[in-house]
Amino acid sequence: MKKLFYSAFGYMVIGVLSGLFYREFTKGKDFTGFTQLSVVHTHLLTLGFVVLLIVLVLEKLFTLSKSRLFKWFFWTYNAGLVLTAAIMVVHGMMQVNGTTDVSAAIPGIAGLGHILLSAGMVFLFLALRTRLFGPAVKHDAETSAALAG
């Protein structure tokens, strides 16, 4: 549970700082067009901070970490998010610096990051399914009430 909390907090800090970097970097270069840097902070805040806070609540309710798939979710999802954000920063800095001819590696790496994010989400749902509907799952009274709605 601490891992989720500190990861969410870390993404919140990095997300806010990436917004500051975008503003200052583009202002310093007198750049006024669209750049990938403009969406890095929203990706980090939404996919990192908000999603991991939601997973933290799910962990508290259903002890997701007891599923063997939870570690797969956590590491795959975080690897995908870090890779996606990093390549967005690289691509955005290239755009601000005036590079128009971008190597095919940039979208390829971004695609790999998105694939890892998607795989992480699949692992999350599989872990959630095993904790909600698995044969050996026993819920306490509070969890049963939450499931009942």
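Quick note: structure is the one above.
For the structure given in this document, a descriptive report is provided here. (Residues numbered from 1 in each chain as written. Predicted model: local features only at pLDDT ≥ 70, side-chain atom pairs only at ≥ 80, totals over all residues. Heavy atoms only, no water.)

Some words on the environment of F70
For F70, the location among the structural elements is in helix 3 (residues 69–96). Since its relative accessible area comes to 8%, F70 is described here as buried. Spatially, the C-alpha atom of F70 lies 42 Å from that of F31, the residues being 39 residues apart in sequence. Aside from chain neighbours lying at most four places away, what touches F70 is L4, V55, L64, S65 and A127. (Helix = DSSP H or I, 4+ residues; strand = E, 2+ residues; numbered from the N terminus. Buried < 20%, exposed > 50% of the residue type's maximum accessible area, 1.4 Å probe, protein only. Contact = heavy atoms within 4.5 Å.)

Overview of the packing of aromatic side chains
Scanning the entire structure with this criterion turns up 6 aromatic pairs. Pairing F70 with F73 gives two aromatic rings, centres 5.6 Å apart and planes at 50 degrees, and the pair type is tilted. A residue pair is termed a helical-turn pair when its members lie 3 or 4 positions apart in one helix, as F70 and F73 do in helix 3 at 3 residues. Overall, F73 belongs to the buried group, its relative accessible area being 0%. Of the aromatic side chains, those joined through ring pairs into one cluster are F70, F73 and Y77. (Phe/Tyr/Trp six-rings, centres within 6.5 Å; stacked < 30°, edge-to-face > 60°.)

Observations regarding a nonpolar patch on the surface
Taken together, the side chains of F9, V13, L17 and L20 present a nonpolar region at the surface, about 340 Å² in accessible area. Assignment of secondary structure puts F9 in helix 1 (residues 2–28). Here F9 falls in the partly exposed class, since its relative accessible area comes to 44%. (Patch = residues over 30% accessible without salt bridge, like charges linked within 9 Å, V, L, I, M, F, W, Y side chains within 5 Å. Areas by Shrake-Rupley, 256 points an atom, 1.4 Å probe, with all protein chains shown as cover. Salt bridge = Lys/Arg side-chain N within 4 Å of Asp/Glu carboxyl O.)

A look at the pattern of salt bridges
Oppositely charged side chains may form a pair once their charged atoms are brought near each other. Throughout the structure, instances matching the rule amount to 2 salt bridges. Put simply, R23 and E24 hold a salt bridge, and the shortest N to O gap is 2.8 Å. You can call R23 partly exposed: its relative accessible area is 48%. Between K27 and E24 there is a salt bridge, with its nearest N and O atoms 3.6 Å apart. Remark: E24 and K27 occur in helix 1; sequence separation between them is 3 residues, near one turn of the helix.

A few points about the side chain of S67
Looking at the element boundaries, S67 is found in the loop between helix 2 (37–62) and helix 3. Here S67 falls in the buried class, since its relative accessible area comes to 8%. Within the local environment of S67, its side chain forms a polar contact with the side chain of T130, the two groups lying 3.2 Å apart. Beyond its immediate stretch of four places on either side in the chain, S67 contacts A127, T130 and R131. (Polar contact = N/O pair within 3.5 Å; in protein donor to acceptor, adjacent residues only side chain to side chain.)

Here's the deal with the nonpolar core
Counting 22 residues, the largest nonpolar core has L4, L52, V55, F73 and Y77 as the members making the most contacts within it. Every element with two or more residues in this core is listed here: helix 1, helix 2, helix 3 and helix 4 (105–133). The contacts of Y77, once residues within four sequence positions are left out, are L47, V51, L52, W72, L116, L117, G120 and M121. (Core = buried A, V, L, I, M, F, W, Y, C linked by side-chain atoms within 4.5 Å.)

Quick word on the packing of helix 2 against helix 3
Interhelical geometry of helix 2 versus helix 3 gives an angle of 165 degrees and a closest axis separation of 8 Å. The angle between the axes of helix 2 and helix 3 places the two elements in the roughly antiparallel class. Crossing handedness for the pair helix 2 and helix 3: left-handed. Taken together, the residues of helix 3 that come into contact with helix 2 (itself represented by L37, V39, V40, H43, L44, L47, G48, V51, L52 and V55) are F70, F73, Y77, N78, L81, A85, M88, V89, G92, M93 and V96. Considering only residue class, the contact of helix 2 with helix 3 consists of 17 nonpolar, 4 polar and no charged. (Axes fitted to C-alpha atoms, helices over the stretch in contact; angles between N-to-C directions. Parallel < 35°, antiparallel > 145°, perpendicular 65-115°, else oblique. Left-handed = near helix turned anticlockwise from the far one by under 90°. Nonpolar A, V, L, I, M, F, W, Y, C, P; charged D, E, K, R; others polar.)

By themselves, these observations are geometric and do not establish any function.
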